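Observations on chain architecture
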Amino acid sequence: MTGSRILLGAAILGGLGAAAPFTPLWLISLVTLAMSTGLVVCGLIILWRAGLVPFGQALFFATGAYTVALSGRWFGVNDAFLLIGLAVIMAALVALLVGFLLAQYREIFFAMLSLALSMILYGVLVKSETLGSTDGINVAQASFFGMKPRGPGYTFALFWLALGMVFSAWVGVSAYLGSVAGQLAGAIRDNEIRVEYLGISVTRLVHLKLTISAALAGAGGALAALSISHVDPQMAYWTTSGGFVFVTILAGAASVPAAFLGALLFEVVRTIAVALLPGGWQLILGSVLLLTILFVPEGLGSLMIRKRANAAGKGTA
Amino acid sequence: MQRTSVGARWARRISAALLFTSLPVAAVAQTAPAAPAAPPVKLGIVTFLTGPAAGPFGIPGRNSAEIMIEMLNAGKVPAPYASVGLAGAPILPKFVDEAGSSANQVTEFRNLVQRDGMNAVVGYISSGNCLAVAPVAEELKALTVFWDCGTPRIFEERPLKYVFRATPHATMDNVAAARYVLKKFPDLASFSGINQNYAWGQDSWRDFVAAMKALAPKATVDKELFPKLFAGEFGAEISALLTTNSKVVHSSFWNGDLESFIVQSGARGLPARSTMVYTAGETAMFRLGAKIPDGTIIGARGPHGVMAPDTPLNKWFRGVYEDRFATAPTYPAYHMAQSILGLKSAWDKAAATKGGQQPSIDEVVKAFEGLEFEGPSARIRMAIGNGHQGIADIAYGSFRFNKAENKAEIVDIVRYPAECVNPPDNMTSTAWLAAGMPGAKCN
């Protein structure tokens, strides 16, 4: 990751932030929500590269979202930055705990075990009537360092916050993927025993990857909770996890920015489909995904990488 | 990438061609009708068009909205709604599917208001969606009428300005059920309940138990069963219910769960031991017909459907609905109709104070607060929730299958006045039930 790429990324995100006041409000909330999905997908990429597909990432997503809702409700915490920090810590803590079990497993067993854990959270939330059961609870509007923007100002503030989170996630995850621990992901996928012979504990490495991806999912959940102003157990349900895996397939694991573009594309296609075909929008959504899998099997990110590689005259990897 | 065979490549081309050709065809079929001459009022209608709640609730709601809007635009609704559209302006509806997460619903609500410029939104069956949309409606200052969701929490958690619900909330369903049960079984010793394990089922059971405690303190709770939503198979629960001595079993089941439970419990003889009370049973009565045992207590979340009174408005509504859709309107159709009529009443009232000019949204909001208007099945008073929540009478009855005419009927209908089954304005429904329903007027 070079300095010039960081500058380019900062310039693009800064440009988006500056363009916000001239953009329709509905589009801004839509992009904010897509960014929250992008953050989760960003974390999924870390696991994906090591050959791990969690079908229960909604566990950490919902942990982040409910942390925001309950910190406000029970402890009166109102600052958006503090709320997101708490959500990240809670999600990472949960991952650290369940990681002792999950990091022992690979492939379908990892996928199913993570799914089972997220469904336990779903079951507990559905049974807790004080938390509104399936109806969920509202999240109070947050403040930003003591400032309390309301109306359109709140939508802008959340959008800028989302851009900041996207930038930090992008820089952080790219740095991690470039580090030795990150580069070992491919080696873990291909041959764990060899990695062990290098003197590295694969279990510990997977545990770390899980915790990082959970922290990102927690951040995504917190952002979603703030932007929807409502949390419900559906956030921990397996279809939510499936949605994240879905966007990861759409985006591919090759590039971090693709995670956000994939999430945005998914949300835009969904909303256009709903407007176009009220009684059959799932048909359009399904078709787009089918076409993606047929024609861009390695995801949108592979298009960007391929272009770059072609320009360098090296051919596809 | 050299992985695909010739066959696979062709399969890819053909499937892609099919998908691309089918999409525009489907999209063209959905294009909106030509816009009327006068500036129309844009109305967003949100209801389940797909998924498990579409059949029993979403589609009857959409059908009802379709004919109500068409008839209002044509000025064909009987008095007092004979004037055209909303204060003379025709209604231009846009239908949106309620399926998807509450995040999707909030996004689509913003799209309706901010992108499509809807003047008002009538929507939402799921209580979770209502709770999620309410704060956004307030933020956007968008006039929103919830038409079917049942949770009393909407206006009890905080006062709302731009949100209304003409349809009474779910507390009255269970209070009236308790009153009807005790009229039929004055010496009831114990009762059981089977409800789906999610907010609707839990709230329904909690309200029913609280009402029974207040009305018949000696009756005890036998079995409280909470199978998961859409379980579809209730063998174990039916066995558990067969071991009790409960004369009455309460259930707020709906959709496939309701129908499979009726069929499965009938086969195992549960109705011979216990009378079932289905608070939302009316949606299934025409589909199941003779499969429902005679004497089953049926509710319709209001005096709707066959329990509706024989007023000219109701006769007209049933007539046009049956003509168009070849089936009788069930309670969700009534909920939609009364919500749209409430909006029209408020709109016309606001316009009348301005000499017939189109009112602003804030003026409609002011006119809607505390409004009283005539629905097809009952008079609705926006009496609680600071004038934003409607109350109305409710009816319960017993099912009977008329073999001679091969027709499902409801007999022994008892109508309870609104004040008998709803909390007063200054009290939440849980507090009212816990206090033994003070101030209830039942005559």
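Below, the structure is looked at part by part. (Residues numbered from 1 in each chain as written. Chains lettered and ligands numbered in written order. Predicted model: local features only at pLDDT ≥ 70, side-chain atom pairs only at ≥ 80, totals over all residues. Heavy atoms only, no water.)

**Examining the state of the cysteines**
Structurally, a disulfide amounts to a covalent bond that connects the sulfur atoms of two cysteines. All names here are of chain B. Enumeration according to the criterion identifies 2 disulfides over all chains in this entry. With a sulfur-sulfur separation of 2.1 Å, Cys-130 is cross-linked through a disulfide to Cys-149. Judged by the sign of its S-S torsion, about -100°, the cystine formed by Cys-130 and Cys-149 is left-handed. Linking Cys-130 in helix H4 (residues 127–140) with Cys-149 in the loop between strand E4 (143–146) and helix H5 (153–156), this pair joins segments that are 19 residues apart in sequence. Assigned by exposure class, Cys-130 and Cys-149 land together as buried. Paired by a disulfide, Cys-420 and Cys-442 hold their sulfur atoms 2.0 Å apart. Its torsion about the S-S bond being 80°, the disulfide of Cys-420 and Cys-442 is classed as right-handed. Placement of the pair is Cys-420 in helix H15 (residues 418–421) and Cys-442 in the segment after helix H16 (429–434), with a sequence separation of 22 residues. Accessibility expressed as a relative area gives 34% for Cys-442, which makes it partly exposed. Disulfides within chain B link the bonded cysteines, taken in sequence order, as 1-2, 3-4. (Disulfide = S-S within 2.5 Å. Helix = DSSP H or I, 4+ residues; strand = E, 2+ residues; numbered from the N terminus. Buried < 20%, exposed > 50% of the residue type's maximum accessible area, 1.4 Å probe, protein only.)

**Looking at the pairing of strand E1 (residues 41–47) of chain B**
All names here are of chain B. Within E1, 6 of the 7 residues are buried, which leaves it mostly tucked inside the rest of the structure. One ladder, built from 7 bridges, connects E1 with strand E2 (residues 91–97); its direction is parallel. When the sheet's bridge partners are listed, Leu-43 is paired in E2 with Pro-93. Assessed by its sense of winding, the connection that carries the chain from E1 through helix H2 (residues 54–74) to E2 is right-handed. For E1 and strand E3 (residues 120–123), the ladder comprises 4 bridges, and the chain directions are parallel. Residue pairing for E3: Ile-45 is matched across the bridge by Val-122. (Pairing = 2+ DSSP bridges. Right-handed = clockwise from strand over helix to strand, strands pointing away.)

**Remarks on the environment of Ala-89 of chain B**
Residues and elements named next belong to chain B. When you line up the elements, Ala-89 lands in the loop between H2 and E2. Look at Ala-89 and you get buried, because its relative accessible area is 4%. Each C-alpha atom, one on Ala-89 and one on Val-41, is 6.2 Å from the other, the two residues being 48 residues apart in sequence. If we ignore the near neighbours within four places in the chain, the residues touching Ala-89 are Pro-39, Val-41, Val-84 and Gln-358. (Contact = heavy atoms within 4.5 Å.)

**Side note on helix H2 (residues 25–49) of chain A**
Residues and elements named next belong to chain A. For H2, built from 25 residues, the straight-helix expectation of 36 Å at 1.5 Å per residue is met to within 8% by its first-to-last C-alpha distance of 36 Å. Most of H2 sits out of view: 21 of its 25 residues are buried. Following H2 by one or two positions, Gly-51 has its phi on the positive side, about 80°. (Expected span 1.5 Å × (residues − 1).)

**Observations regarding the nonpolar core**
The nonpolar side chains of a soluble globular protein tend to be buried, and buried together. Among the nonpolar cores identified, the biggest contains 213 residues, and Leu-226 of chain A together with Phe-109 and Phe-261 of chain B are the most heavily contacted of them. In terms of residue count, helix H6 (residues 152–178) of chain A provides more of this core than any other element does, 15 residues in total. Per-domain counts for this core show at least three residues from each of domain 1 (41–170 + 309–391) and domain 2 (171–300 + 393–434) of chain B. In this structure, Tyr-180, Val-181, Trp-432 and Leu-433 of chain B belong to the second largest nonpolar core, which totals 30 residues. (Core = buried A, V, L, I, M, F, W, Y, C linked by side-chain atoms within 4.5 Å. Domains from an automatic or database assignment.)

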